[in-house]
Amino acid sequence: MPPSSLPIATASAGMRFRRLLALGERLVFLFLLAQFILCLPLPAHAETDGDRETMELYYEPQDLTVTSATRSPRPLSRSAENITVITAEEIEAINAHTLADVLAIVPGVQVAGNTAPGAPTLTEFAGATTRFIQILIDGVPIDNESDSYAIPGMVPVQNIERVEILKGPASSSWSSSLGGIVNVITKEPALHASFSGAASFSGGENGTRDGRGELSGTVGRLGYYLSGGNLQSNGFHPFNATENNNAYAKLRWNLSDRGSLRLTFNSMETAPQVGLITFAGFSDQFKLRILQSTLSLDYSLTDRLTFNALIKGTRFDFTEGYDDISTGERLATITNDEKTAGGAAILTWRQGLHTLTGGIDFDHGQAKNPLFNIDASNDKWGFFLNDTIAWKRLTITPAVRYDLTSKTGDFFSPSIGVTLGITDKTLLRAYTARGYNLPVLNPAYATKDTGWTVQTGFETTDIPFLWLKGTWFRNEFKERGDTVTRTLREGFEIEARTVPLYNSWLTAGYVFTDARNLETGEKLDGVARQTWDLGLHYDDRQRFRGSLIGYYRDWNTPSSWGGKYGNFIWDLNLGWRFFRSGNTEAELFATGHNLFSNNQYHDEIFKNPSRWFEGGLRIKW
């Protein structure tokens, strides 16, 4: 290092030390305050039957607990955030191929570009774009470092136990997540069998086929879960073929009755053609492989104190090629190589009214992209602390997080939520949070996206035979670009579900979003102003099940995009369990996609398929 740079480096180190010291003082103060409150002689809270009454008709007991909001288990009925849970059973009922198919049926979520099974898609939460949404598998991001983009279409569904979707800034727990998170929780090894599993195969039009297999069991203290699959299609438009391959392994070693040690390995690979881009005269094809591995420890130090630790590593290999349509000549090749390593340590303390969770995250990321002259790294330290204070029908959830990054500065993310059960069957919710999104590691972008959300809502079953949930939201962001732009996304969301009658029930969802540039007053292009989700479902739990699902997205795009979205898309899913004996069952299933061949796309490059059919066989033992 040249001598002239030493004072600058020393000053920089001193400033970082002072920031760390100030942060330490804040966290120590908050921790001591929490310690004082925890020691007050307050009566302990035990979850009552009334806490579950609101949602117990629609979720299994294990699904009434969520971890995504605070990174520790918390009853869904005590969560102020707008959270949706999709279970493995619901995923199976719609015959989904990938996570993109699952997200497409969630009210308030828009999935664009789903041109074929496994195709890359864009995901929005009430106008919060793809780069604002962090997708995690068991708490580990699959977003890349270069442009904060994740591909839900490459995430297989066979190893998913449930999906927790949190809409709105989640930075007080998860760092860079201005628009929300999608947390995929994978299946655990089967506890009461040494050897069990599942297999399925489906085939459909245009060479579409999906083969999957799972093995699971526990022998002594060692549990294992293994899965793998291949999904491919010739596509439904020229230059629209896809192929995905995946393999997943989880080993769990039980540490008596105190906890467990887990080792996971996850490989996902996708090689789609994005489409025939006629106005530019070229087609686009890329290949992406993600390798992830984790080693985690969950341990109960005492009856009230638990410790969780995680070591993780991720590798992204990305290659994209642009070919001339007329000659087949390669016009350009883009490569992106990324490596990320890190870990986390979390303590959760339960006493009296409180569930206090605090922890540290660390990530070291590197990205190399020769075409765009990207050769950068970023170290991220995150310190977070939150509390769930549950007293009778009232719950208060304050949270703070402070992130330090070597490349893009620091950020403080507070949030607070409140729930109040005004009756045994009606909850009121309110939530506000500050969030941010890290910039891409492109030298042209050096400014974080930041913003606030305010949300209020209710959830009730006081209306006979009906579950009803409503949320009003106001998200105000400062978005990067050539200049920093202030934007607003404000609206409301309504979900409804009827009580099952003769094994049948109805579902409905409606979301209205007014998205504007606050500086000019103009509407934001490409943000769905209205979305509708409708469904008729049947399941006798023995032999037959089926669902007719319709969705509509008013994309609000300029005419130059060539989008079409005038009608609902209707999908019919059917299943017949024709064999069941003990723990073994076999099911035939079929899906009719887009029954009326309607158009529902925001851009002519990403036209949705017309009517097509597929069917298959699913076996479990």
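Residues numbered from 1 in each chain as written. Predicted model: local features only at pLDDT ≥ 70, side-chain atom pairs only at ≥ 80, totals over all residues. Heavy atoms only, no water.

What about the overall build of the protein?
Working step 1: Helix and strand content of the protein: five helices and 32 strands.
Working step 2: When contacts within the protein are restricted to residue pairs at least 6 apart in sequence, those whose partners lie at least 24 apart make up 59%. (Helix = DSSP H or I, 4+ residues; strand = E, 2+ residues; numbered from the N terminus. Contact = heavy atoms within 4.5 Å.)

Description of the packing of aromatic side chains
Working step 1: Within this structure, the stated rule accounts for 14 aromatic pairs.
Working step 2: Taking 5.4 Å as the distance between ring centres and 35° as the angle between the ring planes, the aromatic pair formed by F286 and F318 counts as tilted. In this pair, F286 sits in strand β16 (residues 282-300) while F318 sits in strand β17 (residues 305-324), placing the two residues 32 residues apart along the sequence.
Working step 3: Consider the rings of F411 and Y436, whose centres lie 4.5 Å apart with planes at 40°: the pair is tilted. In this pair, F411 is assigned in strand β22 (residues 409-423) and Y436 in strand β23 (residues 426-437), connecting sequence segments 25 residues apart. Both residues of the pair, F411 and Y436, count as buried.
Working step 4: An aromatic cluster of at least three residues, connected via ring pairs, comprises F492, Y510, F512 and W532.
Working step 5: Stacked on the ring of W174, the Lys or Arg R71 has its end atom at 4.4 Å from the ring centre. (Phe/Tyr/Trp six-rings, centres within 6.5 Å; stacked < 30°, edge-to-face > 60°. Buried < 20%, exposed > 50% of the residue type's maximum accessible area, 1.4 Å probe, protein only. Lys NZ or Arg CZ within 6 Å of the ring centre and 35° of its normal.)

Focus on unusual backbone geometry
Working step 1: Even without being a glycine, F465 presents a positive backbone phi close to 65°.
Working step 2: When you line up the elements, F465 lands in the loop between β24 (449-460) and β25 (466-479).
Working step 3: The backbone of S597 sits at a positive phi, close to 50°, despite the residue not being glycine.
Working step 4: The residue S597 is located in the loop between β31 (584-593) and β32 (612-620) in this model.
Working step 5: Accessibility expressed as a relative area gives 31% for S597, which makes it partly exposed.

Brief notes about the sheet that holds strand β6 (residues 133-137)
Working step 1: A sheet is described by the order of its strands in space; here five strands give the open sequence β3-β8-β9-β6-β7, paired in mixed fashion. For this open sheet the edge positions go to β3 (82-87) and β7 (140-141), each flanked by a neighbour on one side alone.
Working step 2: Sheet topology places β3 next to strand β8 (residues 160-167); six bridges connect them, and they run antiparallel. Paired with I86 across the bridge in β8 is V163. (Pairing = 2+ DSSP bridges.)

Let's talk about the pattern of salt bridges
Working step 1: Applying the stated criterion across every chain yields a total of 34 salt bridges.
Working step 2: With a shortest N-O distance of 2.9 Å, K167 and E493 are connected by a salt bridge. Here the residue K167 occupies a position in strand β8, and E493 occupies one in strand β26 (residues 485-498), the gap between them amounting to 326 residues.
Working step 3: Here D298 ties to R262 by a salt bridge, and the two come within 2.7 Å at their closest N and O atoms. Placement of D298 in strand β16 and of R262 in strand β14 (residues 259-270) is noted, with a sequence separation of 36 residues between them.
Working step 4: The class of D298 is partly exposed, set by a relative accessible area of 27%. (Salt bridge = Lys/Arg side-chain N within 4 Å of Asp/Glu carboxyl O.)

So, the side chain of K167
Working step 1: Relative accessible area serves as the criterion here: at 7%, K167 is assigned to the buried category.
Working step 2: Those residues in contact with K167, other than ones at most four positions away along the chain, are N82, T84, V106, P107, G108, V109, F125, G179, Q455, E493 and E495.

Examining the pairing of strand β10 (residues 196-204)
Working step 1: Where β10 meets strand β11 (residues 208-219), nine bridges bridge the pair, whose relative direction is antiparallel. Looking across to β11, one finds that G203 is bridged to R209.
Working step 2: Bridge count for β10 against β32 is seven bridges, and the pairing is antiparallel. Residue pairing in the sheet places S202 in a bridge with G616 of β32.

Details of a nonpolar patch on the surface
Working step 1: The grouping of F195, L215, L226, Y538, F544, W576, F578, F579, L588, L617, I619 and W621 at the surface amounts to a nonpolar patch, some 1000 Å² of accessible area in total.
Working step 2: Those elements giving two or more residues to the nonpolar patch turn out to be β30 (569-581) and β32.
Working step 3: Tallying contributions element by element places β30 first for the nonpolar patch, with three residues.
Working step 4: Structurally, L215 is set in strand β11. (Patch = residues over 30% accessible without salt bridge, like charges linked within 9 Å, V, L, I, M, F, W, Y side chains within 5 Å. Areas by Shrake-Rupley, 256 points an atom, 1.4 Å probe, with all protein chains shown as cover.)

Quick word on the environment of A88
Working step 1: Here A88 lies in helix α3 (residues 88-93).
Working step 2: For the pair A88 and I160, spaced 72 residues apart in the sequence, the C-alpha separation amounts to 6.2 Å.
Working step 3: Apart from residues lying up to four places away in sequence, A88 is in contact with I160 and E161.

A look at the pairing of strand β29 (residues 544-554)
Working step 1: A large share of β29 lies buried, amounting to eight of its 11 residues.
Working step 2: In textbook terms, the turn of a hairpin is the stretch between consecutive antiparallel strands, and for strand β28 (residues 530-539) and β29 this stretch comprises four residues, one of which, R541, has a positive phi near 65°.

A word on the nonpolar core
Working step 1: In terms of nonpolar packing, the biggest core is built from 37 residues, with I91, L99, I142, V163, I165 and V182 touching the most fellow members.
Working step 2: Of all elements in the fold, only α4 (99-103), β4 (109-112), β6, β8, β9 (180-186) and β16 reach the threshold of two or more residues within this core.
Working step 3: Of all hydrophobic cores here, the second largest spans 10 residues; its members include V66, A69, L76 and W174. (Core = buried A, V, L, I, M, F, W, Y, C linked by side-chain atoms within 4.5 Å.)

Topic: the confidence of the model for the protein
Working step 1: Per-residue confidence for the protein averages 86 on the pLDDT scale, and 87% of its residues sit at or above 70.
Working step 2: At the level of individual helices and strands, the protein shows its lowest average pLDDT in helix α1 (residues 6-38), which scores 41, and its highest in β32, which scores 98.
Working step 3: In the model, residues 1-58 has pLDDT below 50 throughout and makes 71 contacts with residues more than four positions away in sequence or in other chains. (pLDDT = per-residue confidence, 0-100.)

As for the side chain of K469
Working step 1: With respect to the helices and strands, K469 occurs in strand β25.
Working step 2: Of the side chains with opposite charge, E495 lies nearest to the buried K469, which makes no salt bridge, at 4.2 Å.
Working step 3: For K469, the side chain forms a polar contact with the main-chain oxygen of I83, separated by 3.1 Å.
Working step 4: If we skip the residues at most four places from it in the chain, K469 touches N82, I83, R429, F458, E459, E493, I494 and E495. (Lys, Arg positive; Asp, Glu negative; His and termini not counted. Polar contact = N/O pair within 3.5 Å; in protein donor to acceptor, adjacent residues only side chain to side chain.)

Concerning the environment of E338
Working step 1: Among the secondary structure elements, E338 is positioned in strand β18 (residues 330-351).
Working step 2: Judged by relative accessible area, E338 falls into the buried class, the value being 0%.
Working step 3: Between the C-alpha atoms of E338 and A367, which are 29 residues apart in sequence, the distance is 4.4 Å.
Working step 4: When sequence neighbours within four positions are dropped, the list of residues in contact with E338 reads N144, E145, S146, T314, R315, F316, Q366 and A367.
Working step 5: Within the local environment of E338, its side chain forms a polar contact with the side chain of N336, the two groups lying 2.8 Å apart.

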